[in-house]
Structures are given as C-alpha cells and as structure tokens.
Amino acid sequence: MKKHIMPIALGLLALISCKKDKTEPVSEIQCIPAVYLTQYCPTKTETHLVRLLRPTPHATRMEGGSQGEFYVAAVINLPQSLIKRDTIFQLQFHYDPEAEQQNKAVGYCNANIAPAKMVVYDGVSESECP
C-alpha cells in the first residue's frame, strides 16, 4: 500500500507546483483610424492587413524609411465592406492572444509585412475615434 502512495503524492506535488505560462489578457476594445492594405497570409480564419494611424501595443511597429515609423495589424474577421484599398475607417478591435495563436499563418506567406500582430475585428465607429 505504501508503494502506491508515494507516486501519487509525487504526482500531486508536481501538479500543484506547475505554473501556467502567463499570456497577455484579452484587451479592452480599442478604436483607431485604419487604412486597408491587403489580404494577409493564409490563416485558419480570413485575415487582412491594415495600417493603423496611431500607435498601439497590439500592432507591429515598422520602419518606413522616409515615411518614418508606422503600425500594422492583421485583422481577423474583417468584413467584406471594408476590404477596399486605401480606404480610411474607424476600426474597433481587441487583442485576444488565443485567437492570435489559433490563426497563425499556415504554409507559405507572401505578404511583404510578416509576421504581424493579430487583432480581432469588433466593429466600425460612426464617429472619429477619440
């Protein structure tokens, strides 16, 4: 009987002492003016690349030479009505690390800007983002 207790006790101790990897939490909904650029890499869910006109930690910062720095994000579930090149819209989105993990690019990615941080589409603001 004592032989069976020791492995069980060690297993419980290992379970208790395990720490989960800390991931970023789901962010609050943000509103940032954006410009549609192009379709992003092949992913599980259709994803499109946008340029955000204000900085956010949930976007990828890029250097644009004479244009200076700019921010891009791959938006999950962007509706067809916003897929128009060079159109500015007031993008409402949130960051969800689980959605980003599930939608990483699969296979060859021919986007000029990759990898980009991914955000989830929540809507479009009728008024300008604050």
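First, a word on what this report is: a plain description of the structure on this page. As the structure is a prediction and not an experimental result, all values here were calculated from the model.

### Some points on the overall build of the protein chain
Scanning the protein chain from N- to C-terminus turns up two helices and six strands. When the helices and strands of the protein chain are read in sequence order from the N terminus, they spell out α-β-β-β-β-β-α-β. Considering only contacts within the protein chain whose residues lie at least 6 apart along the sequence, 69% involve residues at least 24 apart. By element, 55% of the accessible surface of the protein chain is carried by carbon and sulfur atoms, the whole surface being about 8900 Å².

### Observations regarding the nonpolar core
Nonpolar side chains in soluble globular proteins tend to end up buried together. Counting residues in each nonpolar core, the largest one holds 15 residues, and the members touching the most others are Val50, Leu52, Leu78, Phe89 and Leu91. Elements that contribute at least two residues to this core include exactly β1 (30-39), β2 (47-52), β4 (69-76) and β5 (88-94). Beyond its immediate stretch of four places on either side in the chain, Leu91 contacts Gln30, Cys31, Ile32, Ala34, Val50, Leu52, Val75, Leu78, Tyr121, Gly123 and Cys129. Counting residues in each nonpolar core, the second largest holds 12 residues, with Tyr40, Leu49, Ala74 and Ala116 among its members.

### Details of the environment of Glu63
Relative to the elements of secondary structure, Glu63 occurs in strand β3 (residues 60-63). Its relative accessible area of 56% is what places Glu63 among the exposed residues. Other than its neighbours up to four places away in sequence, Glu63 contacts Gly68, Glu69 and Phe70. In terms of polar contacts, Glu63 uses its side chain to reach the side chain of Arg61, at 2.9 Å.

### Some words on the pairing of strand β6 (residues 118-124)
Two elements, β4 and β6, share three bridges in a ladder whose sense is parallel. In the sheet register, Ala74 faces β6, and the bridge partner there is Met118. In terms of strand pairing, β5 meets β6 through four bridges, oriented antiparallel. Bridged to Leu91 within β6 is Val124.

About the criteria used
- Residues numbered from 1 in each chain as written.
- Predicted model: local features only at pLDDT ≥ 70, side-chain atom pairs only at ≥ 80, totals over all residues.
- Heavy atoms only, no water.
- Helix = DSSP H or I, 4+ residues; strand = E, 2+ residues; numbered from the N terminus.
- Contact = heavy atoms within 4.5 Å.
- Areas by Shrake-Rupley, 256 points an atom, 1.4 Å probe, with all protein chains shown as cover.
- Core = buried A, V, L, I, M, F, W, Y, C linked by side-chain atoms within 4.5 Å.
- Buried < 20%, exposed > 50% of the residue type's maximum accessible area, 1.4 Å probe, protein only.
- Polar contact = N/O pair within 3.5 Å; in protein donor to acceptor, adjacent residues only side chain to side chain.
- Pairing = 2+ DSSP bridges.

Coordinates in, geometry out; function isn't part of it.
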